[in-house]
Amino acid sequence: MRFDLMYESFFKIIQGIPLTLEVVFLSTIFGLFFAIIIALMRVSENKLLSNPAYYFIYVIRGTPLLLQLFFIYYGLAQFTFIRESFLWFFLEDPLFCGILTLTLSTAAYSAEIIRGGMQSVAPGLIEAASSMGMSKMQRLRKIILPITIRQALPAYGNELILMVKATSLISIVTLMEITGIARTIISKTYAPVEIFIVAGSIYLLINFLITRMIKFSENKLNHGTIQ
Amino acid sequence: MRIIKVFTTLLITLSLSTFALAGDWSKIKVGTEGAYEPWNYTNAAGELVGAELDLARDLCARMNADCEFIQQDWDGIIPALVQGKYDVIMAGMSITEERMKTISFSSAYMTEPAKMSTLKGSPLATLSTAKNLNLDDDSAASKGTIGTLNAALKGLRLGVTAATIHEDFANAYLDVDLKIYPTQDEMNLDLSAGRIDAALSDSGTIEAYMGTPSGANVTFFGPNIFGGLLGEGVGAGIRQGDADLKAMFDKAIAEAAADGTIGRISTQYFGKDLAP
């Protein structure tokens, strides 16, 4: 074990943390936005809304993230009409493609988590709310969403951790995040074990902080409920 | 009891395979990348093919050895040799001082310059430079050639594959926005898509791509680059302890070069004689 090398490479690898966090942060925000819309579509009784949501989730969850990234970055670039359209302004950028892929992925998984949370709301609560004269929007805002968030939070915390780990794939589209930098160092030092231990520890630390944050919000939200 | 038996058998098999008797080279495992046409690549049927596969079979026959090919991603190809996953690397790997710190090499079996490529119609395509750039040559002329390249490429996006002599060259000599790819195939796709302005690689590899429909609009520019940190040609990578295996490869390569086998194989795959 070459500890001096681990020490040296630590300072190079941490330079990848901002990119990793940027990708996680942006795709999580956009992903959550789409996830809420998709979950609402999914529970809708209108087939025109629920079917597209169902198939979107089906395709994204049923295919490997690595292939999705390949398809969006290298695959779409094969079509001349895409390269000549305004879309190319976005798709040319590896960072955009990385964030887009992860956004779609987390949107699909989170939509299912949110749907599960929504369906866990006891029908009696909704009936009681309507009998008190609450409108559909009021019921969503005051009854369904608060209970959904409380129910879905533990599973959503899990999804956030998976997102941090999923960013390790984006080095294949030339983005030098934690894993990308680690691989570059390995290719020069030929010491995969040492370098991957360093990179792995950094992911562990990031995910430790995320689990603490989730735990903190869970406690906050459960405050005042009967347990 | 049964599980102990299985375990013991496994251990014995493992130790036998790891600590094969020194000097017993009747079976040689050859590691290659399989993503570097025409040196070594994977055909539509999923088989490993290429100039180095043909050459390895020829060399193995000369050494009276059974050769087995093992595919390994490029950025892990040296660690896997050191760890004993295979005995020899034949993967278009140039002999460089940097790599010699970790492994040893046979004598070179083929030599080929590095070259830049871009899309036809790019301003770079018409760049005029000296024909050759020898990095061992410190003269004003070669410094001028590097200067011309740098001026033309300044701030542009240049693609290289990770952990190659081309990446080292770009880091040492050029002031560009460097994009690093896991394999040549991915870099080719981005060159055609216009995500990079130019690519730097072995000339033969990019020539193979130019022969395909998607690579038809790719063209060379700039000098043939060789020498210095680009190394002394392509050789077989061998663990530093295996001096006997290196001697066997040196002898077989010398014979294959002398009787025209290397010339024939390289002409078949590269359209020119790359014998050292």
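With that settled, the discussion passes to the overall build of chain B. Along its length, chain B carries 10 helices and 14 strands. At 20 Å, chain B has a C-alpha radius of gyration in line with the 19 Å of a compact globule built from 276 residues. Overall size of chain B, expressed as C-alpha extent along the three principal axes, is 70 × 40 × 35 Å. Put simply, chain B has 276 residues, and 43% of those count as buried. A separation threshold of at least 6 residues defines the contact pool for chain B, and within that pool the share at least 24 residues apart is 71%.

Moving on, we get to the overall build of chain A. In terms of regular secondary structure, chain A is built from 11 helices and zero strands. Mapped from its N terminus to its C terminus, chain A presents α and β elements in the order α-α-α-α-α-α-α-α-α-α-α. When its C-alpha atoms are laid out on the principal axes, chain A stretches across 70 × 50 × 25 Å. Each of the 227 residues in chain A was classed as buried or not, and the buried ones make up 30%. When contacts within chain A are restricted to residue pairs at least 6 apart in sequence, long-range pairs at least 24 apart make up 77% of them.

Now for the nonpolar core. It is characteristic of soluble globular proteins that their nonpolar side chains tend to be buried jointly. With 78 residues, the main nonpolar core has Ala-182 of chain A together with Leu-59, Ile-89, Leu-158, Ala-199, Ala-236 and Phe-249 of chain B as its most contacted residues. Both domain 1 (25-111 + 232-270) and domain 2 (114-230) of chain B contribute no fewer than three residues apiece to this core. Setting aside its immediate chain neighbours within four residues, Phe-249 of chain B contacts Leu-59, Ser-106, Ala-236 and Ile-238 of chain B. The next biggest cluster of nonpolar side chains, apart from the first, holds 20 residues, and it includes Leu-19, Ala-166, Leu-169 and Ile-172 of chain A.

This paragraph deals with the pairing of strand 13 (residues 218-226) of chain B. Residues and elements named next belong to chain B. Bridge analysis of strand 8 (residues 114-119) against strand 13 gives five bridges, and the strand direction is antiparallel. Residue pairing in the sheet places Met-116 in a bridge with Phe-221 of strand 13. Sheet analysis places strand 9 (residues 132-134) next to strand 13, joined by three bridges and oriented parallel. Within strand 13, the position partnered with Asn-132 by the bridge is Asn-224.

Time to look at the packing of helix 1 (residues 3-13) of chain A against helix 10 (residues 178-189) of chain A. Residues and elements named next belong to chain A. Two elements in contact, helix 1 and helix 10, have axes separated by 10 Å at closest approach and are oriented at 140°. In terms of their interaxial angle, helix 1 and helix 10 are classed as oblique. Between helix 1 and helix 10 the crossing geometry is right-handed. Residue-level contacts link Leu-5, Ser-9, Lys-12 and Ile-13 of helix 1 to Ile-178, Ile-181, Ala-182, Ile-185 and Thr-189 of helix 10. Taken together, the residues of the contact of helix 1 with helix 10 break down into six nonpolar, two polar and one charged.

All right, on to the interface of chain B and chain A then. Taken residue by residue, the interface counts 17 residues in chain B and 12 residues in chain A. Of all the secondary structure elements, the ones that give two or more residues to the side of chain B that touches chain A are helix 3 (77-82), strand 11 (177-181) and helix 7 (184-193) of chain B. Residue composition of the side of chain B that touches chain A, grouped by class: 10 nonpolar, three polar and four charged.

Turning next to the sheet that holds strand 14 (residues 237-238) of chain B. Residue and element names in this part refer to chain B. Spatially, five strands are ordered 5-1-6-14-7 in an open sheet, and the strand pairing comes out mixed. Only two strands of the sheet have a single neighbouring strand rather than two, namely strand 5 (66-71) and strand 7 (104-105). Bridge count between strand 1 (residues 27-32) and strand 6 (residues 88-89): two bridges; the pairing is parallel. The residue bridging Val-30 from the neighbouring strand is Val-88, located in strand 6. Contacts from helix 2 (residues 51-62) reach strand 1 and strand 5, with the element oriented near 155° to strand 5.

The next point concerns the packing of helix 9 (residues 136-166) of chain A against helix 11 (residues 192-222) of chain A. Residues and elements named next belong to chain A. Remark: helix 9 packs on helix 11, axes separated minimally by 10 Å, with the N-to-C direction vectors making an angle of 170°. Between helix 9 and helix 11, the interaxial angle falls into the category roughly antiparallel. From helix 9, Ile-149, Arg-150, Leu-153, Pro-154, Gly-157, Leu-160, Ile-161, Val-164 and Lys-165 reach across to helix 11, where they touch Tyr-203, Ile-206, Asn-207, Ile-210, Thr-211, Ile-214, Ser-217, Glu-218, Leu-221 and Asn-222. When its residues are assigned to classes, the contact of helix 9 with helix 11 shows 11 nonpolar, five polar and three charged.

Residues and elements named next belong to chain B. Domain boundaries assigned for chain B yield domain 1 (25-111 + 232-270) and domain 2 (114-230). Spacing between the C-alpha centres of domain 1 and domain 2 amounts to 25 Å. Split by residue class, the side of domain 1 that touches domain 2 holds six nonpolar, three polar and three charged.

Bringing the environment of Asp-136 of chain B into the picture now. All names here are of chain B. For Asp-136, the position within the fold is in the loop between strand 9 and helix 5 (140-153). Take Asp-136: there are 11 C-beta atoms within 10 Å of it, and that puts it in the exposed class. As a C-alpha pair, Asp-136 and Ile-265 span 129 residues in sequence and 29 Å in three-dimensional space.

Below, the discussion takes up helix 7 of chain B. Residue and element names in this part refer to chain B. For helix 7, the tally of buried residues reaches eight of 10 residues, placing the bulk of the element in the interior. If you check which residues of helix 7 are buried, you get Gln-184, Met-187, Asn-188, Leu-189, Asp-190, Leu-191, Ser-192 and Ala-193. Positioned one or two residues after helix 7, Gly-194 has a phi angle of 85°, which is positive.

This paragraph deals with the sheet that holds strand 12 (residues 198-202) of chain B. All names here are of chain B. Across the sheet, six strands lie side by side as 9-13-8-12-10-11; this open sheet has mixed pairing. In this open sheet, the two strands that pair with only one neighbour each are strand 9 and strand 11. Sheet twist, expressed as the mean angle between neighbouring strand axes with direction ignored, is 30°. Where strand 10 (residues 157-161) meets strand 12, two bridges bridge the pair, whose relative direction is parallel. Each residue of the ladder has a partner; that of Leu-158, found in strand 12, is Ala-198. The strands touched by helix 8 (residues 203-210) within the sheet are strand 8, strand 12 and strand 13, with strand 12 carrying the most contacts at an inclination of about 115°.

Rules used in this analysis
Residues numbered from 1 in each chain as written. Chains lettered and ligands numbered in written order. Predicted model: local features only at pLDDT ≥ 70, side-chain atom pairs only at ≥ 80, totals over all residues. Helix = DSSP H or I, 4+ residues; strand = E, 2+ residues; numbered from the N terminus. Rg over C-alpha atoms; globule rule 2.2 N^0.38 Å. Buried ≥ 20, exposed ≤ 12 C-beta atoms within 10 Å, placed from the backbone. Contact = placed C-beta atoms within 7 Å. Core = buried A, V, L, I, M, F, W, Y, C linked by C-beta atoms within 7 Å. Domains from an automatic or database assignment. Pairing = 2+ DSSP bridges. Axes fitted to C-alpha atoms, helices over the stretch in contact; angles between N-to-C directions. Parallel < 35°, antiparallel > 145°, perpendicular 65-115°, else oblique. Left-handed = near helix turned anticlockwise from the far one by under 90°. Nonpolar A, V, L, I, M, F, W, Y, C, P; charged D, E, K, R; others polar.

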